[in-house]
Amino acid sequence: MLPDANIAWPPPPFDQAHKAMTVWDAWYTGDTNRLTDIYQRHPAYRPAQFSGGLVGRIARFFWGRPNPQATKRLHIPLAADLARGSSSLLFSQPPRFVIGEDDARGDRKTAQSRLELLLGGADTAATLLEAGELASVLGGVYLRAWWDRAVSDHVNLGKMAADCAVPRWRYDRLVGVTFWQVVAEDTSNGVVWRHLEHHAPGRIYHGLYLGGRAKLGQRRPLIEHPDTAWAAPLVDADSAIATGLNTLTACYVPNVRFNRIWRHTPGLASLGRSDLEGQEPLLDALDETYSAWMRDIELGRSRLFVDKSLTQSRGPGSGAVFDSEQAIFTPLPGAGLGSLKDGSAPIIPQQFTIRWQEHRETATEITELILRGAGLSASTFGDTRTAGLITATEINSRDKLSEATRDQKINYWKAELAPLARTITELDRIHFGSQIQLKANPEVRWPVRAQAPPLETAQRLAALKAVDLISTEQAVRERNPNWSGDDVNDEVNRIRTEVDQRIRNQATQPGAPGPAAAMSDSAH
């Protein structure tokens, strides 16, 4: 149910999780103003820099140090790259939802076609790709089913970020969740309008609240704000919309479990672990390294030390200037060309050393530590430091950590996507009258990442086929590991049809053996 009282929002203990997610989100978005606000909340002279404990550690962050000289600070978007790479590892090719041979009531092909419409389109692929990125940053992501006849002719899959949700758990399983969105905010007086959407088995509750930044405020009629007015005629006396099912229309997919920092905190222990958890000091050190590198470049610019006799006066008290574009220099009256020192030139160039190699090696080492902490290989992000050509075996070896992490995360997604997919089909049958009706959850088939080059795969399969060590069906399966059984069977039938047609064409050519002989020859 939705809350009625003017409680703190988000409520404890989820306020702790929200604060941590705010920090991860700042690294992810690359918002240096927010990073500075998080790590620099003390005056220029701060005893906290010399203290121990959490305050002292935060104060010593690069982004928490005073910057009286206003030197440039550079932020490297590695957190965003990490989240994008983690999501691409899972969803660059979307999974397929397949109905088993005996799992549909009625015609299976008709049901499979409807399931492809519900969850096999580009919109679902994009949603999963975005959800995977959010899960990497915030430790998990929520998926929900939604339907609106004015927008779509079928039930759709949507995502909700974990920093805008308050879940309820039972045995580590989600049994209810409240999503919230800020629909309006007046920054001058701190007034915040929030839309709360609570998913419970069989019902979805909607509520509008007028409060402040830290307080939920008082409940208001849905009709009072245009972003919630659409729900006013749809809800019943309890502000709920009946789904027609006894299952939850939302699920939570953890990024990785278990969560180290909230393992013993009730309500938070079931949350997933962010890929950025514990990585903040390294991300901070990476920014400091690149900032130092850029400062080295700035200080290492070539300089010209010019004798005063070669400058042009700008008048009393205004100093003098030197024109570096001047082609010919004429000594001033009474001045000699060696006026810097006896025997010295009037113009001395100076090029300072830029320690680019030391900075690059430091940055590379820190980057690898961050990626390894997230369970990813550097090669996943296009690491090209290895010179020359490398074999497929070497590629597999370099990608081993990323592949293991991918397999681990896929299990979490399969466990939640399969039952939610069945819920979506049941909602589609109830609210859109489709004929799809399942006796079991659909199978979620994840694409196999092709490691071997296509030419190498083709040569291997041709060699096996030449000595009759592989069937046409198995060769098609290995050539296209992401195809369904129906796709494989259709391709095998097409191959056989083409082979038969080629044999018949050869048999009708002048001088060719008869059909029986051609068939006999092809058998050999």
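Note: the structure precedes this text.
Quick notes on the rules
- Residues numbered from 1 in each chain as written.
- Predicted model: local features only at pLDDT ≥ 70, side-chain atom pairs only at ≥ 80, totals over all residues.
- Heavy atoms only, no water.
- Phe/Tyr/Trp six-rings, centres within 6.5 Å; stacked < 30°, edge-to-face > 60°.
- Helix = DSSP H or I, 4+ residues; strand = E, 2+ residues; numbered from the N terminus.
- Buried < 20%, exposed > 50% of the residue type's maximum accessible area, 1.4 Å probe, protein only.
- Lys NZ or Arg CZ within 6 Å of the ring centre and 35° of its normal.
- 1 Å grid on protein atoms, 1.4 Å probe; cavity = no way out; pocket = protein on both sides within 12 Å on 5 of 7 lines; lining within 4 Å.
- Points joined across faces, edges and corners; volume = space filled by probe spheres on them.
- Patch = residues over 30% accessible without salt bridge, like charges linked within 9 Å, V, L, I, M, F, W, Y side chains within 5 Å.
- Areas by Shrake-Rupley, 256 points an atom, 1.4 Å probe, with all protein chains shown as cover.
- Salt bridge = Lys/Arg side-chain N within 4 Å of Asp/Glu carboxyl O.
- Axes fitted to C-alpha atoms, helices over the stretch in contact; angles between N-to-C directions.
- Parallel < 35°, antiparallel > 145°, perpendicular 65-115°, else oblique.
- Left-handed = near helix turned anticlockwise from the far one by under 90°.
- Contact = heavy atoms within 4.5 Å.
- Nonpolar A, V, L, I, M, F, W, Y, C, P; charged D, E, K, R; others polar.
- Polar contact = N/O pair within 3.5 Å; in protein donor to acceptor, adjacent residues only side chain to side chain.
- Pairing = 2+ DSSP bridges.
- Core = buried A, V, L, I, M, F, W, Y, C linked by side-chain atoms within 4.5 Å.

Caption draft 1: Here's a closer look at the packing of aromatic side chains. Applying the stated rule across the entire model yields 9 aromatic pairs. Between the aromatic rings of Y142 and Y252, the centroid separation amounts to 4.8 Å while the plane-to-plane angle is 50°, which identifies the pairing as tilted. Linking Y142 in strand β2 (residues 140-146) with Y252 in strand β10 (residues 250-254), this pair joins segments that are 110 residues apart in sequence. Judged by its relative accessible area of 1%, Y142 falls in the buried class. On the basis of an interplanar angle of 80° and a centroid distance of 5.4 Å, the ring pair of W169 and Y252 is categorised as edge-to-face. Of this pair, W169 sits in strand β4 (residues 165-170) while Y252 sits in strand β10, placing them 83 residues apart in sequence. For Y252, a relative accessible area of 3% translates into the label buried. Each residue in the set Y142, W169, F179 and Y252 is aromatic and connected to the rest through ring pairs, giving one cluster. A cation over an aromatic ring shows up here: R149 above the ring of F432, its NZ or CZ 4.8 Å from the ring centre.

Caption draft 2: Geometry of empty space enclosed by the protein. The final tally for this structure, using the stated rule, is 3 cavities of 30 Å³ or more. Of the pockets and cavities examined, the largest cavity occupies roughly 80 Å³. For the largest cavity, the full set of lining residues is P10, F14, A17, H18, M21, Y142, A162, D163, A165, P167, W180 and L271. Among the elements of the structure, α1 (14-29) and β4 are those that each provide at least two residues to the lining of the largest cavity.

Caption draft 3: Region of the structure containing a nonpolar patch on the surface. On the surface, a nonpolar cluster with roughly 210 Å² of combined accessible area is contributed by L74, M294 and I297. Inspection of the secondary structure puts I297 in helix α7 (residues 280-299). Given the relative accessible area of 37%, I297 is considered partly exposed.

Caption draft 4: Representation of the packing of helix α12 (residues 472-479) against helix α13 (residues 485-507) in the model. For the pair α12 and α13, the least separation of the axes is 9 Å and the interaxial angle reads 125°. Our classification of the angle between α12 and α13 gives oblique. The two elements α12 and α13 cross, and the hand of that crossing is right-handed. Here T472, E473, V476 and R477 of α12 lie close against α13, whose contacting residues are G485, V488, N489, E491, V492 and I495. The residue makeup of the contact of α12 with α13, split by class, is 4 nonpolar, 3 polar and 3 charged.

Caption draft 5: Quick look at the environment of K159. Examined against the element boundaries, K159 turns out to sit in strand β3 (residues 156-161). Classification of K159 as partly exposed rests on a relative accessible area of 31%. Note: C-alpha distance between K159 and Y252 (93 residues apart in sequence) is 9.8 Å. In this structure the side chain of K159 is engaged in a polar contact, spanning 2.8 Å, whose partner is the side chain of E130.

Caption draft 6: Region of interest: unusual backbone geometry. A cis amide bond links W9 to the next residue, P10, at an omega of -5°. By the secondary structure assignment, P10 is in the segment before α1. A cis geometry characterises the amide bond from P12 onward to P13, with omega recorded as -5°. Secondary-structure assignment places P13 in the segment before α1. With a phi close to 55°, Y171 is a non-glycine residue in the positive phi region. Relative to the helices and strands, Y171 is located in the loop between β4 and β5 (173-186). Its relative accessible area of 77% is what places Y171 among the exposed residues. Even without being a glycine, D468 presents a positive backbone phi close to 55°. Checked against the element boundaries, D468 lands in the loop between α11 (454-466) and α12.

Caption draft 7: View of the sheet that holds β2. The strand order across the open sheet formed by 3 strands is β3-β2-β10, and the pairing between neighbours is antiparallel. Of all the strands in the sheet, the pair left with one neighbour each is β3 and β10. Averaged over all pairs of adjacent strands, the angle between their axes in this sheet comes to 30°, without regard to strand direction. Here 5 bridges tie β2 to β10, and the two strands are oriented antiparallel to one another. What sits directly across from R144, in β10, is A250. Contacting β2 and β3, helix α6 (residues 122-138) crosses the sheet at an angle of about 20° to β3. Against the sheet, helix α10 (residues 400-432) contacts β2, β3 and β10, and its axis sits at roughly 165° relative to β10.

Caption draft 8: View of the pairing of β3. Counting buried positions along β3 yields 5 of 6 residues, so the element is predominantly enclosed. In this structure, β2 lies alongside β3, joined through 6 bridges in antiparallel fashion. Within the sheet, the bridge partner assigned to Y142 lies in β3 and is M160.

Caption draft 9: Inspection of the nonpolar core at higher detail. Among the nonpolar cores identified, the biggest contains 89 residues, and Y142, L143 and W413 are the most heavily contacted of them. In terms of nonpolar packing, the next biggest core, distinct from the first, is built from 7 residues, W193, L208, L222 and I241 among them.

Caption draft 10: Molecular detail of the pattern of salt bridges. Taken as a whole and judged by the stated rule, the model has 18 salt bridges. For R114, the salt bridge goes to D428, with nearest N and O atoms at 2.7 Å. Separated by 314 residues along the polypeptide, R114 in helix α5 (residues 108-119) and D428 in helix α10 bring together distant segments of the chain. Salt bridges sharing common partners tie together D25, D31 and R34.

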